[in-house]
Amino acid sequence: MKKRNLRLCLSIFPALLLVLPIFTQAQDMDASNAALKVWKQVLSSHVRYPLEDLRARKTGFVAVDLEIDPHGKIKSYEIAESKSKSMKESVETALEKAIPLWQTDMIPAESRNEKYQIYFSFEMIDPENPNGEIEAVTRQIYKGKPEKALKMADRLVEEKPFEPTYLELRSQIHRQLKHEEEATADLLAYQKLQQNTLAKIEIKSFSVVQRRSISGTIN
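Residues numbered from 1 in each chain as written. Predicted model: local features only at pLDDT ≥ 70, side-chain atom pairs only at ≥ 80, totals over all residues. Heavy atoms only, no water.

(A) Quick look at the packing of aromatic side chains. Within this structure, the stated rule accounts for four aromatic pairs. The interplanar angle of 85° and the centroid separation of 5.4 Å between the aromatic rings of Tyr-49 and Phe-122 together place this pair among those described as edge-to-face. Taken together, the positions of Tyr-49 in the loop between α1 (34–45) and α2 (51–55) and Phe-122 in strand β5 (residues 114–125) put the pair 73 residues apart, joining distant regions of the chain. A relative accessible area of 3% means that Tyr-49 is categorised as buried. Grouping aromatic residues by their ring pairs yields a cluster made of Phe-61, Tyr-119 and Phe-162. (Phe/Tyr/Trp six-rings, centres within 6.5 Å; stacked < 30°, edge-to-face > 60°. Helix = DSSP H or I, 4+ residues; strand = E, 2+ residues; numbered from the N terminus. Buried < 20%, exposed > 50% of the residue type's maximum accessible area, 1.4 Å probe, protein only.)

See below:
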């Protein structure tokens, strides 16, 4: 099981903010490369949830393409997709601070000359029900309503195309509905996402109404 790291980033008016650097496959490299792991943590520590988006309760994500040359250097990086100008600016600031700290030996030779993705997800979370979206989908499955569950899963994938859990869930629903072609497509997309994602950094705002304690385990 791959490690996850939890970092308290910022406390602000009626919310708690957490930055969660969640590492997927390309993350196997972390096990033997402490420098890469530290670099990801440094990157995540510089990301801020834009105040204007917090006040507007706006969520979204920023996708970054990162190209590594044959020598392990960062050949180029660019914002591939962004749902908010202010979120994009926050990510650009973090990248500007982290990129100069990159070391060529962070990526093993066999994994170089590739393009990877880093995803920054800005989310509003209900501390009373942090897994509410997935639970709502599975509830429809248990009720014997896979068609409704599929529509809900479609929405989740559209909102977070970088989230492998949603693709895996939708693949299972397609399989239940005997949509074999769609199920296979989602499974392949899930595997590709796992292979090409260098890091997924979640900036979560936990709205606090009655209590300010947050607990949980990140596998």
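Resuming the write-up.
(B) Here's a closer look at a negative patch on the surface. A surface patch of like charges, here negative, comprises Glu-52, Glu-89, Glu-92 and Glu-96. With three residues, the top contributor of residues to the negative patch is helix α3 (residues 85–98). Position of Glu-96 relative to the elements: it lies in helix α3. Residue Glu-96 is classed as exposed on the basis of its relative accessible area of 53%. (Patch = residues over 30% accessible without salt bridge, like charges linked within 9 Å, V, L, I, M, F, W, Y side chains within 5 Å. Areas by Shrake-Rupley, 256 points an atom, 1.4 Å probe, with all protein chains shown as cover. Salt bridge = Lys/Arg side-chain N within 4 Å of Asp/Glu carboxyl O. Lys, Arg positive; Asp, Glu negative; His and termini not counted. Charge placed at Lys NZ, Arg CZ, Asp CG, Glu CD.)

(C) A look at the nonpolar core. One finds Trp-39, Leu-43, Trp-102, Ile-118, Phe-120 and Phe-122 to be the most contacted residues of the largest nonpolar core, which totals 29 residues. Those elements that provide at least two residues to this core are α1, β3 (60–68), α3, β5 and β6 (197–207). Among residues more than four places away in sequence, those in contact with Trp-39 are Ala-98, Ile-99, Leu-101, Trp-102, Met-106 and Ile-118. The next biggest cluster of nonpolar side chains, apart from the first, holds 20 residues, and it includes Ala-63, Leu-169, Ile-173 and Leu-177. (Core = buried A, V, L, I, M, F, W, Y, C linked by side-chain atoms within 4.5 Å. Contact = heavy atoms within 4.5 Å.)

(D) Main features of the side chain of Ser-171. Mapped onto the secondary structure, Ser-171 falls in helix α6 (residues 164–176). Taking relative accessible area as the criterion, Ser-171 reaches 7% and is therefore assigned buried. Of note is the side chain of Ser-171, whose polar atom sits 2.8 Å from the backbone oxygen of Ala-183. Not counting residues up to four positions away in its chain, the partners in contact with Ser-171 are Ala-183, Asp-186 and Leu-187. (Polar contact = N/O pair within 3.5 Å; in protein donor to acceptor, adjacent residues only side chain to side chain.)

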